[in-house]
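So the chains spell out like this:
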Amino acid sequence: PSEFSLLIVGSEDTRNFDFKIPNNSAIFRVNDFVEDSKVPEFFSLCDAVCLPYRKSYTHGTSGVIVQSVLAEKPLIVPNIVPFNEIIEKYRFGVTFEAENIASLKNAILKKDWLNIETENFVKYKNTISTWGQIADDLLK
């Protein structure tokens, strides 16, 4: 729909499946490795972060989830472990059926991710160790 724009960020060299990005003025592509210093800039441009991981990513990890929470950006993630468990526990996003385009489209268009409470992000942030805490633990 016209009220949406799509920003795709990340190097195509690291993708694990083929896809084509249609020519569309509402789709923006950054096909490059993103330096840490640029990450906040990209998060500031979006209303939500969608991570369309495939079923093969079950039991995987995602640094982008942590970055999204730190930026207080709602998540749209597949209903696979551990992503569905994190969303269910902290309620800072929505899930869709992995590898199901209609389910992903519905999750985006329903816009249930629009009204996430700030406290949901804070609860998760309180579970994350800072680099200082990690360093202190290593020095003990």
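This write-up is about the structure you can find in this document. For clarity, every value in this text was computed on a predicted model and none was experimentally measured.

The rules behind the values
- Residues numbered from 1 in each chain as written.
- Predicted model: local features only at pLDDT ≥ 70, side-chain atom pairs only at ≥ 80, totals over all residues.
- Heavy atoms only, no water.
- Helix = DSSP H or I, 4+ residues; strand = E, 2+ residues; numbered from the N terminus.
- Rg over C-alpha atoms; globule rule 2.2 N^0.38 Å.
- Buried < 20%, exposed > 50% of the residue type's maximum accessible area, 1.4 Å probe, protein only.
- Contact = heavy atoms within 4.5 Å.
- Areas by Shrake-Rupley, 256 points an atom, 1.4 Å probe, with all protein chains shown as cover.
- Lys, Arg positive; Asp, Glu negative; His and termini not counted.
- Charge placed at Lys NZ, Arg CZ, Asp CG, Glu CD.
- 1 Å grid on protein atoms, 1.4 Å probe; cavity = no way out; pocket = protein on both sides within 12 Å on 5 of 7 lines; lining within 4 Å.
- Points joined across faces, edges and corners; volume = space filled by probe spheres on them.
- Nonpolar A, V, L, I, M, F, W, Y, C, P; charged D, E, K, R; others polar.
- Core = buried A, V, L, I, M, F, W, Y, C linked by side-chain atoms within 4.5 Å.
- Axes fitted to C-alpha atoms, helices over the stretch in contact; angles between N-to-C directions.
- Parallel < 35°, antiparallel > 145°, perpendicular 65-115°, else oblique.
- Left-handed = near helix turned anticlockwise from the far one by under 90°.
- Phe/Tyr/Trp six-rings, centres within 6.5 Å; stacked < 30°, edge-to-face > 60°.

### A closer look at the overall build of the protein
Here comes step 1: For the protein, the helix and strand inventory stands at six helices and five strands.
Here comes step 2: Put simply, the protein runs from its N terminus to its C terminus through helices and strands in the order β-β-α-β-α-β-α-β-α-α-α.
Here comes step 3: The C-alpha radius of gyration computed for the protein amounts to 16 Å, which stays within 12% of the reference 14 Å derived for 140 residues, consistent with globular compactness.
Here comes step 4: Overall size of the protein, expressed as C-alpha extent along the three principal axes, is 55 × 30 × 30 Å.
Here comes step 5: For the protein, the proportion of its 140 residues judged to be buried stands at 28%.
Here comes step 6: The contacts of the protein with a sequence gap of at least 6 include a subset with a gap of at least 24, amounting to 47%.
Here comes step 7: Entry remark: accessible area of the protein is about 9,800 Å², with carbon and sulfur atoms responsible for 51%.
Here comes step 8: Each charge class in the protein can be summarised by its mean position, and for the 15 positive and 19 negative side chains these summaries are 4 Å apart.

### Things to note about the layout of surface pockets
Here comes step 1: In this structure, the second largest pocket spans a volume of roughly 170 Å³.
Here comes step 2: Where the lining of the second largest pocket is concerned, the elements lending two or more residues are helix H2 (63-70) and helix H6 (131-139).
Here comes step 3: In terms of residue class, the lining of the second largest pocket is built from five nonpolar, four polar and no charged.

### Focus: the nonpolar core
A general tendency of soluble globular proteins is for nonpolar side chains to be buried together.
Here comes step 1: One finds Leu-51, Leu-75 and Phe-92 to be the most contacted residues of the largest nonpolar core, which totals 22 residues.
Here comes step 2: Residue assignment for this core shows that the elements contributing at least two residues are helix H1 (39-44), H2, strand S4 (75-78), helix H3 (83-90) and helix H5 (118-125).
Here comes step 3: Considering every element that reaches this core, the biggest residue donor is H3, with four residues.
Here comes step 4: Ignoring any residue separated from it by four or fewer positions in sequence, one finds Leu-51 in contact with Ser-62, Val-64, Ile-65, Leu-75, Ile-76, Val-77, Pro-78 and Phe-96.
Here comes step 5: Ile-76, Val-94, Ala-107 and Trp-113 belong to the second-largest nonpolar core, a separate cluster that totals six residues.

### Looking at the packing of H2 against H5
Here comes step 1: Axis separation between H2 and H5 bottoms out at 9 Å; the angle between their running directions is 130 degrees. It follows that H2 is oblique to H5 by the angle criterion. Both H2 and H5 take part in a crossing whose hand is left-handed. Here Val-66, Val-69 and Leu-70 of H2 lie close against H5, whose contacting residues are Phe-121, Tyr-124 and Lys-125.
Here comes step 2: Its residues assigned to classes, the contact of H2 with H5 shows five nonpolar, no polar and one charged.

### A few points about the packing of aromatic side chains
Here comes step 1: Per the stated rule, a full pass over the model turns up seven aromatic pairs.
Here comes step 2: Plain terms: the ring middles of Tyr-90 and Tyr-124 are 5.1 Å apart, the flat faces sit at 80 degrees to each other, and that makes the pair edge-to-face. Of this pair, Tyr-90 sits in helix H3 while Tyr-124 sits in helix H5, and the two are 34 residues apart along the sequence.
Here comes step 3: The buried category is assigned to Tyr-90, whose relative accessible area is 12%.
Here comes step 4: What makes Tyr-124 buried here is its relative accessible area of 12%.
Here comes step 5: Counting every residue linked through ring pairs, the aromatic cluster contains Tyr-90, Phe-92, Phe-121 and Tyr-124.

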